[in-house]
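Residues per chain are reported as follows:
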Amino acid sequence: MVDKAIAEFRAALRSATSVMVLSGAGVSAESGVPTFRGAGGLWRRWSATELATPEAWARDAGLVWEFYDYRRRRMADVQPNPAHHALAAFEARWSAAGRELELVTQNIDGLHEQAGSRAVTRLHGSIWHVRCLRCGAVTPNRDVPITPAYEGAGDPDPHAHARRFTADDLPRCACSGILRPHVVWFGESLAEEDLGRAVAAAERCDALIVVGTSAVVYPAAGLIPLARRSGAVVCEINLSPTPATNGVDYHFCGPAGVVLPELLEGLPEVG
Ligand code: BV8
Ligand code: ZN
């Protein structure tokens, strides 16, 4: 039985020509990727937000790479879950019907693309890409460990023997520059092109689906009130309320892997 609110939002989707999705770490939780602020967001004695910063990198790049190498190792074999697949299948049907879908993600795990989503705007970069500090080249990189020096490293136990890594242990570009994770750290600006595309989508969409985000990180979280102010009908799919909940039209409480397939099933109806 489709509940009344789901039926109402599905009706809004039916009449929408432009739909936007804003996804966060909760979409990947059912794939086994730890969320950012849940229990999985801790590593040794740090929260992810303390290590995902230029200051942490300047203080100890070797430790920051050990943190990212650990997350890459944990993400290396995870697969997209029904939430990712529902969005990719919906995009295929939706664009075949000549309608617009922009998937804006805060996630860096690449699972939306792996599930087949094509119009994906990655606001915070990609853990599977690296960027050279010297020449700026951005290249895909799925080496686990990132360099041989990190073999067996990354133990999240705060009492683990912490190795010191030196500049010689860090990954290098062909130009010999040091490679960093190609992600947006706290205190770093988002790429103008990505943020611009996300803002345009929020201003244009008739319906916005916010799924699996705690809505505390800006400017991403600011896209939600922006879409609402621009006239979109907004729903939020989450396991619990968030700071965005009071400002949306519908809050669907449940796992993304269950609610998204139900919300998008069969849309758009052909004919
Ligand atoms: C910026 C990449 C301009 C790295 C990430 C002081 C100085 C500087 C800036 C600031 C400052 N104070 C505030 C700011 C702004 C700051 C910010 O917003 N801070 C917050 C913490 C207050 N933002 C920035 O710094 C941004 N840049 O503003 O530039 C500027 C420049 C200089 C000076 C000033 C301003 C850059 C932000 C990008 C940071 N990088 N990631 C990496 O990943 O290592 S953000 C990080 O958080 C991840 O990308 C993550 O996606 C994102 C948001 O988290 P969520 O995705 O929402 O995940 P979370 O775990 O929080 O929540 C999961 C949700 O899912 C929960 O609600 C849960 O209930 C739900 N859930 C769980 N399971 C399920 C589920 N839902 C459904 N189904 C399930 N199964
Ligand atoms: Zn280089």
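Numbering of residues starts from 1 in every chain and runs along the sequence as written. The lettering of chains begins at A and the numbering of ligands begins at 1, in the order of writing. Restriction of local features to residues with pLDDT of at least 70 applies here, the model being predicted, together with a cutoff of 80 or more for giving and counting side-chain atom pairs; totals for whole chains, interfaces and linings are based on all residues. As a rule here, side-chain values come from all non-hydrogen atoms in the structure, and water together with hydrogens is ignored.

Undergrad: Any chance you could explain the overall build of the protein here in plain terms?
TA: By the criteria applied, helices consist of DSSP H or I runs no shorter than four residues and strands consist of E runs no shorter than two, each listed in order from the N terminus. Along the protein, the regular secondary structure elements total nine helices and 11 strands. The C-alpha radius of gyration computed for the protein amounts to 19 Å, which stays within 12% of the reference 18 Å derived for 271 residues, consistent with globular compactness. Counting only C-alpha atoms and orienting by the principal axes, one finds that the protein spans roughly 60 × 35 × 30 Å. Three exposure classes are used, based on accessible area relative to the maximum for each residue type with a 1.4 Å probe and protein chains only: buried under 20%, partly exposed in between, and exposed over 50%. Counting only residues that meet the buried cut, the protein has 51% of its 271 residues in that class. Here the globule rule reads 2.2 Å times residues to the power 0.38, and the radius of gyration is calculated from C-alpha atoms.

Undergrad: So what exactly am I meant to see when it comes to the domain arrangement of the protein here?
TA: Interfaces are often sized by the amount of accessible area the parts lose when they come together. Domain assignment breaks the protein into domain 1 (1–32 + 79–124 + 190–271) and domain 2 (34–77 + 125–183). What counts as a domain boundary in this text is fixed by an automatic or database domain assignment. Measuring from the centre of the C-alpha atoms in domain 1 to the corresponding centre in domain 2 gives 29 Å. Between domain 1 and domain 2, the residue contacts involve 14 residues of the former and 15 residues of the latter. Between domain 1 and domain 2 the total buried area reaches about 980 Å² when both faces are included, carbon and sulfur atoms providing 52% of it. In what follows, salt bridge is the name for a side-chain nitrogen of Lys or Arg lying within 4 Å of a carboxyl oxygen of Asp or Glu. Taken together, domain 1 and domain 2 are joined by zero salt bridges. We define a polar contact as two N or O atoms separated by no more than 3.5 Å, with the added condition that, inside protein, one atom must be a possible hydrogen donor and the other a possible acceptor, whereas residues neighbouring each other in sequence contribute only through side-chain atom pairs. The tally of links between domain 1 and domain 2 comes to three residue pairs in polar contact (both at pLDDT 80 or more). Each residue is assigned to one class: nonpolar for Ala, Val, Leu, Ile, Met, Phe, Trp, Tyr, Cys and Pro, charged for Asp, Glu, Lys and Arg, and polar for all the others, Gly among them. Tallied by class, residues from the side of domain 1 that touches domain 2 come to six nonpolar, six polar and two charged. What makes two residues a contact is simply this: any of their non-hydrogen atoms within 4.5 Å. Summed over both partners, buried area is the accessible surface (1.4 Å probe) that two parts give up on being assembled.

Undergrad: Hey, could you run me through the packing of helix α1 (residues 4–14) against helix α9 (residues 256–264) in this one?
TA: Think of two packed helices as two axes; the pair is described by the angle between the axes and how far apart they sit. Here the axes come from fitting lines to C-alpha atoms, over the contacting stretch only for helices, and the angles between their N-to-C directions go from 0 to 180 degrees. Running from amino to carboxyl end, α1 crosses α9 at an angle of 55°, the nearest separation of the two axes being 9 Å. The angle between α1 and α9 falls in the class oblique. Of the residues in α9, those in contact with I6, F9, R10 and L13 of α1 are V259, E262, L263 and L264. Split into classes, the residues belonging to the contact of α1 with α9 amount to six nonpolar, no polar and two charged. Should an angle fall under 35 degrees it is taken as roughly parallel, and over 145 as roughly antiparallel, whereas 65 to 115 is taken as roughly perpendicular and any remaining angle as oblique.

Undergrad: Looking at this structure, how should I read the site of ligand 1?
TA: What makes a residue near a molecule or strand is one non-hydrogen atom of that residue sitting within 4 Å of it. Near ligand 1 lie 34 residues; those nearest to it are R37, Y68, R71, S214 and N238. In this structure, R71 approaches ligand 1 through a side-chain N or O atom, which is 2.7 Å from an oxygen atom. Taking 1,400 Å² as the accessible area of ligand 1 by itself, protein coverage stands at 73%. Put simply, the parts of the chain that give the shell around ligand 1 at least two residues each are α2 (26–29) and α4 (54–75). Across the shell around ligand 1, the residue classes tally to 16 nonpolar, 14 polar and four charged. Built from parts of two domains, the shell around ligand 1 gets at least three residues from each of domain 1 (1–32 + 79–124 + 190–271) and domain 2 (34–77 + 125–183). Note on areas: these come from Shrake-Rupley sampling with a 1.4 Å probe, and a residue is covered only by the protein chains present in the view.

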